[in-house]
Number of protein chains: 2
Amino acid sequence: MNPYWSPLVQELKPYVPGEQPKLSSLVKLNTNENPYPPSPKVLEALRHELNGSLRLYPDPNAEQLKLAIGRYLNVRTEQVFVGNGSDEVLAHAFLALLKHEQPILFPDITYSFYPVYCGLYGIAYNSIPLTDSFDIRIEDYARPNGGIVFPNPNAPTGRLLLQTDIERLLNGNRDSVVIVDEAYIDFGGESAAALVNRFPNLLVVQTLSKSRSLAGLRIGFAIGDAGLIEALERVKGSFNSYPLDRLAIAGGVAALEDRDHFEWSRQAIMWTRNWVTQALADLGFEVLPSAANFVFARHPAHDAGELAAALRERHIIVRHFRLPRIEQFLRITIGTEEDCQALLDALNALVAGKAAA
Amino acid sequence: MNPYWSPLVQELKPYVPGEQPKLSSLVKLNTNENPYPPSPKVLEALRHELNGSLRLYPDPNAEQLKLAIGRYLNVRTEQVFVGNGSDEVLAHAFLALLKHEQPILFPDITYSFYPVYCGLYGIAYNSIPLTDSFDIRIEDYARPNGGIVFPNPNAPTGRLLLQTDIERLLNGNRDSVVIVDEAYIDFGGESAAALVNRFPNLLVVQTLSKSRSLAGLRIGFAIGDAGLIEALERVKGSFNSYPLDRLAIAGGVAALEDRDHFEWSRQAIMWTRNWVTQALADLGFEVLPSAANFVFARHPAHDAGELAAALRERHIIVRHFRLPRIEQFLRITIGTEEDCQALLDALNALVAGKAAA
């Protein structure tokens, strides 16, 4: 053990992100990226920013981006926080709003970064089992807590919690913060951002990585009561004054302003998802109903780890989590039609091959 | 007090960055930006990255950037850590390497983010007074400590600690980490990076914001023994998997590879600094010897706060810290010759005006 490490570091168990392969020839369905490029207006805005002004610091408050988010979600800039990807936004939110005496609550099957943040900041947590159908049951969260956090749609299941259920949760939980992590909301759900004026303890987190095709630019944001946002600003101001570079700010604004491209891209992905879901079912897969840009599926006769390895041999990568309850599932990102056809062809060969054997 | 805030947030005192004015007509000498644009090769590399691949996550390990830094400073990639500006790198280093039982040590007059990190992570510190001539005296750090951190050249004084003194400090302090924060080293000092193979407790932090004219792109890095770097990676992996976006990685690589532009820009700034130092002295200012891209100066007959306000009326902004021992100093960034001439003309009018009155 390195004697220079702080005691905390010795205990940390970092998050392991999905593979970012160097080979561009792979069909990459493992990290839920959008298969379509960002809006041409984003590239144009970025080109416009490529000049000598890169020598200057960005606006530490990223005001133009906050204004664009405010226009998009109909909130004031004091209700908007921005960060270097929604992972940074979540990290600050855990420290600013979820570190209390009581343990926080999140589902047992969820975004696997949540327990990592708890380890980083010394936050106790209880994981609440999803139902057998992988649903969040609101009643299970009716207990004293230091905060509640969950993705909606949930990851990696893709299952959506309805707005009425979120309202029910908020009505029953007024004393601690509820964070709704909406990384995938644009692919089939309704944002809880519409509720922030009614619930001063609601924080909604979104990202431009998925539905805006900007995973490479690192932009996340949170919407909430100005009091919650101020807490995030205090942590941010004690950590890094300028988390968003000049290009990210400009690109983010342009992405939020091009509503047509956004609509087109998310509709295309939802259409493909419906087709892939049906095709997987036809191959004998059980596919959870997904409101995200991925599906979560298992085959009763084929081991998920073996399927993932066999796909990999065919240059197709999907995500497989060796975790309790979900080790027989594959999480498959919705790619282009061409990507998905390649996946389905490969699975057809694998499943039919074994069935014939 | 907002009941949803964590107890920690209620105590935080965030760092206040220098103003980033919206008016581009100002002569901006307040945040130590490089007055010259980044290398044309940086802009070319960025243009090359402006394409549909922004939909994909960046390499979480930013390997190309680590390789470029390794080539520049003659270290292996396992000895390199990269982050979203040197502020993020420093934040992770405080948590990973400076959070021990003993208080850490840093100068009483120094980068004012250090006590803020201590507040964020609950790290006790002792501030060690600089000498009357604003020097760091190595002997003053010969006491039990949880770590030592200082900028070299120091901020906001610009004073340089010689390599021999840093070696003396390291030889006398083997049991805790020493962080040398070299944001300004390229303007007149010699990097301690050459010492990392001999001292497993030395971490050297640099940034591309100043000498590479890329404050707007947010790239910082650290060099040290692979054991120290691993600690930083563990914190980073528990906070945000992708702190550097695709454009920052590409631009950073190009910046490090254009040695000619780098040399030209830092030589120009050093030349201007020498001229400005002499001209300020001719106006009656006491100017501390600076190895940075700014000077720290006071006038025996003029209040620094009043001078800063009067300059501001003339559309020239400099930085003034209302802090003990330095409240009569102005920190003036070295700009272009034209910027500096405007500053000197304004100061000449102010100082001569008062002298005549």
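Preceding this section is the structure that the text describes.
Residues numbered from 1 in each chain as written. Chains lettered and ligands numbered in written order. Predicted model: local features only at pLDDT ≥ 70, side-chain atom pairs only at ≥ 80, totals over all residues. Heavy atoms only, no water.

S.K.: Would you mind showing me how to read the overall build of chain A here?
M.R.: Within chain A, the regular secondary structure consists of eleven helices and twelve strands. Relative to the 2.2 N^0.38 estimate, which gives 21 Å for 357 residues, the radius of gyration of chain A is 21 Å and therefore close to what a compact globule would have. Each of the three principal axes of chain A carries a C-alpha extent, and together these read 60 × 50 × 50 Å. In chain A, buried positions account for 65% of the 357 residues. Long-range contacts, defined as pairs at least 24 residues apart, comprise 73% of the intrachain contacts of chain A with a sequence gap of at least 6. Looking at chain A as shown, the accessible area adds up to about 13,200 Å², and 51% of this sits on carbon and sulfur atoms. (Helix = DSSP H or I, 4+ residues; strand = E, 2+ residues; numbered from the N terminus. Rg over C-alpha atoms; globule rule 2.2 N^0.38 Å. Buried < 20%, exposed > 50% of the residue type's maximum accessible area, 1.4 Å probe, protein only. Contact = heavy atoms within 4.5 Å. Areas by Shrake-Rupley, 256 points an atom, 1.4 Å probe, with all protein chains shown as cover.)

S.K.: Can you help me understand the packing of aromatic side chains in this one?
M.R.: Each aromatic ring pair is specified by the distance between its two centres and by the angle formed by the two planes. A complete count under the given rule lists 33 aromatic pairs over all chains for this structure. With centroids separated by 4.9 Å and ring planes inclined at 45°, the aromatic side chains of Phe 94 of chain A and Tyr 117 of chain A adopt a geometry described as tilted. One end of the pair, Phe 94 of chain A, is in helix H4 (residues 85-97); the other, Tyr 117 of chain A, is in helix H5 (residues 114-121), and 23 residues separate them in sequence. Note on accessibility: Phe 94 of chain A and Tyr 117 of chain A belong to one class, buried. Both rings, one in Phe 239 of chain A and one in Phe 239 of chain B, keep their centres 4.8 Å apart while their planes meet at 35°; by these two values the pair is tilted. Of this pair, Phe 239 of chain A sits in the loop between helix H7 (226-237) and helix H8 (246-257) while Phe 239 of chain B is found in the loop between helix H7 (226-237) and helix H8 (246-257), placing the two residues in two different chains. (Phe/Tyr/Trp six-rings, centres within 6.5 Å; stacked < 30°, edge-to-face > 60°.)

S.K.: Explain helix H5 (residues 114-121) of chain B to me, please; I cannot follow it from the model alone.
M.R.: Along an α-helix, a turn takes 3.6 residues, which lines up residues three or four apart on a common side. Residues and elements named next belong to chain B. Here H5 lies mainly inside the structure; six of its eight residues are buried. Listed in full, the buried residues belonging to H5 are Tyr 114, Val 116, Tyr 117, Cys 118, Leu 120 and Tyr 121. Phi turns positive, to about 65°, at Gly 122, one or two residues after H5.

S.K.: Teacher, can you tell me more about the pattern of salt bridges here?
M.R.: Pairing of side chains with opposite charge becomes possible as their charged atoms draw close. Overall, the coordinates contain 26 salt bridges over all chains when judged by the stated rule. Between Asp 108 of chain A and Arg 325 of chain A there is a salt bridge, with its nearest N and O atoms 2.8 Å apart. Of the two residues, Asp 108 of chain A is situated in the loop between strand E3 (104-107) and H5 and Arg 325 of chain A in the loop between strand E11 (316-318) and strand E12 (330-333); the sequence distance between them amounts to 217 residues. Its relative accessible area of 32% is what places Arg 325 of chain A among the partly exposed residues. Close ionic contact of Lys 66 of chain B with Glu 233 of chain B constitutes a salt bridge, the shortest N to O distance being 2.6 Å. Within this pair, whereas Lys 66 of chain B is found in helix H3 (residues 63-73), its partner Glu 233 of chain B is found in helix H7, the two being separated by 167 residues in sequence. Beyond isolated ion pairs, a larger network of salt bridges with shared partners links Glu 139, Asp 165 and Arg 168 of chain A. (Salt bridge = Lys/Arg side-chain N within 4 Å of Asp/Glu carboxyl O.)

S.K.: What is the right way to read empty space enclosed by the protein from this model?
M.R.: The rolling of a water-molecule-sized probe over the atoms marks out the regions of remaining empty space. Summed over the entire model, instances satisfying the criterion amount to five cavities of 30 Å³ or more. Counted as a void, the largest cavity has a volume near 80 Å³. Asp 59, Pro 60, Asn 61, Ala 62, Lys 66, Phe 81, Val 82, Glu 233, Lys 236, Tyr 242, Pro 243 and Leu 244 of chain A together form the lining of the largest cavity. Looking at the lining of the largest cavity, the elements with two or more residues in it are strand E2 (80-83) and H7 of chain A. Residue composition of the lining of the largest cavity, grouped by class: seven nonpolar, one polar and four charged. Space inside the second largest cavity adds up to approximately 70 Å³. Lining the second largest cavity are 13 residues, and of these Pro 60, Asn 61, Ala 62, Val 82 and Lys 236 of chain B lie nearest its centre. (1 Å grid on protein atoms, 1.4 Å probe; cavity = no way out; pocket = protein on both sides within 12 Å on 5 of 7 lines; lining within 4 Å. Points joined across faces, edges and corners; volume = space filled by probe spheres on them. Nonpolar A, V, L, I, M, F, W, Y, C, P; charged D, E, K, R; others polar.)

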